[in-house]
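Reading the structure
Chain by chain, the residues run as shown.
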Amino acid sequence: MKKIIKNSMLALTIISSVVFVSCEADETQTVATLSNLVMSDEFDIDGAPDPSLWTYDLGDGTQQGLPAGWGNNELQIYTSNSENVEVQNGLLVITARENTAGGYTSARIKTQGLFEQQYGRFEARIRLPQGKGLWPAFWLLGNDCSQNPWPACGEIDVMEYLGDQPTVVLGSVHGPNFSGAESISKEYQLTNDRFDTDFHVFGIEWSPGRINYYVDDVLYQSITPETIAEETNGAGTWVFDNAFYIILNVAVGGNLPGSPDANTTFPQRMLVDYIRVYN
């Protein structure tokens, strides 16, 4: 099932490092039940990702005007090749590979210009890879980055993950005076389970003045303009009141995870069962 709202605005894409803030769930919150499905991809047709919904970021970032390594010293080259990104047996498969020359390829797909939405519930059911130096993410970027260059356009990281920490994910936001290593971020840690051995649902519920983060049925973080003011001593600006688009990728190396080590094996895959957006 696919239902898509289209918007023609385009933006520049970037992802940056985060800092760890806390890892305890806020047990006073509950996950809301937004039920009006406005976009979904169930990945039920084998082959390339649906071109009516997904397009690609390619290369090492220099084509987008960034320093090589996508501004984060990442090691992979992004491609649209089926060996790096393909729908198979009801799953989107993004595969990071090591080539014979010692370099890496992977994929980064996005809904830029095809589906962009302000507010709502964004979620995906994903199984993550494992290994030092792997950096998968499910994230949103403001569609006005061409007018308001990052971080002024805002970035919402629904889920980031380091492959050598298979029980921990991160939820973060980036904006003016809270970006890169100064982002506002929180850990969520599984007990008696791992993110690389089973599927889990990662999501946000985003409304005017609030972004709530959840894993499965646990809502573990709530970010508001007051949060940003407190974390930045009043210097940060709330920039989350415009349309954002969706990005899924698997990076290799970079400032946050570091490089693969001798124990990291390739290929490594991120498996996405579905992505759904409600309002």
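See the structure shown above.
Residues numbered from 1 in each chain as written. Predicted model: local features only at pLDDT ≥ 70, side-chain atom pairs only at ≥ 80, totals over all residues. Heavy atoms only, no water.

1. Focus: the packing of aromatic side chains
Here is the rule we go by: Stacked, edge-to-face and tilted labels apply to pairs of Phe, Tyr and Trp rings (six-membered ring for Trp) whose centres lie within 6.5 Å, assigned for plane angles under 30 degrees, over 60, and everything in between, in that order. A simple rule labels every residue: compare its accessible area, found with a 1.4 Å probe on the protein chains alone, to the largest value its type can have, and call it buried under 20%, exposed over 50%, or partly exposed in between.
Enumeration over the complete set of coordinates arrives at 13 aromatic pairs. Between F195 and F202 the ring centres are 5.5 Å apart and the planes differ by 45°, which places this aromatic pair in the tilted class. Looking at F202, the relative accessible area reads 1%, which means it is buried. A connected cluster of aromatic rings, assembled from ring pairs, spans Y119, F122, F178, W206, W238, F240 and F244.

2. Observations regarding the state of the cysteines
The following threshold applies: Two cysteine sulfurs form a disulfide in these notes if their separation is within 2.5 Å.
Across all of its chains, the model carries one disulfide by this definition. Residue pairing for C145: its cysteine sulfur links by disulfide to C153, the two sulfurs lying 1.8 Å apart. Taking the torsion about the S-S bond as the criterion, the C145 to C153 disulfide, at about 60°, is right-handed. Each member of the pair, C145 as well as C153, is classed as buried.

3. A few points about the environment of N99
The condition is simple: Secondary structure follows DSSP: runs of H or I at least 4 residues long count as helices, runs of E at least 2 residues long count as strands, and numbering of each begins at the N terminus. By the criterion applied in these results, polar contacts are pairs of N or O atoms within 3.5 Å in which, for protein atoms, one can donate a hydrogen and the other can accept it, and in which residues neighboring in sequence qualify only through two side-chain atoms.
Residue placement: N99 occurs in the loop between strand 5 (91-98) and strand 6 (104-106). On a C-alpha basis, the gap between N99 and P267 in space is 9.8 Å, while along the polypeptide they are 168 residues apart. Reaching out from N99, the side chain makes a polar contact with the backbone nitrogen of G103 at a distance of 2.8 Å.

4. Some details on the pattern of salt bridges
How we decide: When a carboxyl oxygen of Asp or Glu is within 4 Å of a side-chain nitrogen of Lys or Arg, the pair counts as a salt bridge.
All told, the structure shown has eight salt bridges when counted by the stated rule. Here D57 ties to R108 by a salt bridge, and the two come within 3.0 Å at their closest N and O atoms. Taken together, the residues D57 in strand 2 (residues 55-57) and R108 in strand 7 (residues 108-110) connect sequence positions 51 residues apart. Look at D57 and you get buried, because its relative accessible area is 2%. Note that D273 is salt-bridged to R125, the shortest N-O span being 2.9 Å. Note that D273 is positioned in strand 18 (residues 268-278) and R125 in strand 9 (residues 120-127), a separation of 148 residues in sequence. Residues joined by salt bridges that share partners form a network here, namely D57, R108 and K110.

5. Some thoughts on unusual backbone geometry
Keep in mind that most residues, glycine aside, have a negative phi and that most peptide bonds are trans. Between W150 and the following residue, P151, the backbone shows a cis peptide bond with an omega angle of 10°. Of note, P151 is situated in the loop between strand 10 (134-142) and strand 11 (155-160). Each neighbour pair has its own omega, and for F266 with P267 the value is 0°, a cis peptide bond. Within the secondary structure, P267 is located in the loop between strand 17 (244-252) and strand 18. Positioned with a positive phi, Y119 is a non-glycine residue whose angle comes to about 70°. Take Y119: it is sitting in the loop between strand 8 (116-117) and strand 9.

6. Quick word on the pairing of strand 4 (residues 85-88)
Taken residue by residue, a regular strand's side chains alternate between the two faces of the sheet. As a reminder, the rule being used: Here the rule is simple: two strands pair whenever DSSP picks up at least two bridges between them.
Every second residue of strand 4 is oriented toward a common face, the buried set being V85 and V87 and the non-buried set E86 and Q88. One ladder, built from four bridges, connects strand 4 with strand 5; its direction is antiparallel. Paired with Q88 across the strands is L91, a residue of strand 5. Here strand 4 folds back onto strand 5 in antiparallel fashion, the turn holding two residues, of which N89 has a positive phi close to 55°.

7. Digging into the nonpolar core
Convention followed: Only buried residues count toward a nonpolar core. Its members are Ala, Val, Leu, Ile, Met, Phe, Trp, Tyr and Cys residues joined through side-chain atoms within 4.5 Å. Note on contacts: a residue pair qualifies if any of its non-hydrogen atoms lie within 4.5 Å across the two residues.
In this structure, I126, F138, I156, F240 and I246 are the most contacted members of the largest nonpolar core, which totals 55 residues. Per-element tally for this core: the top contributor is strand 17, with five residues. Apart from residues lying up to four places away in sequence, F240 is in contact with Y119, G154, E155, I156, V173, H174, F178, W206, I211 and I228.

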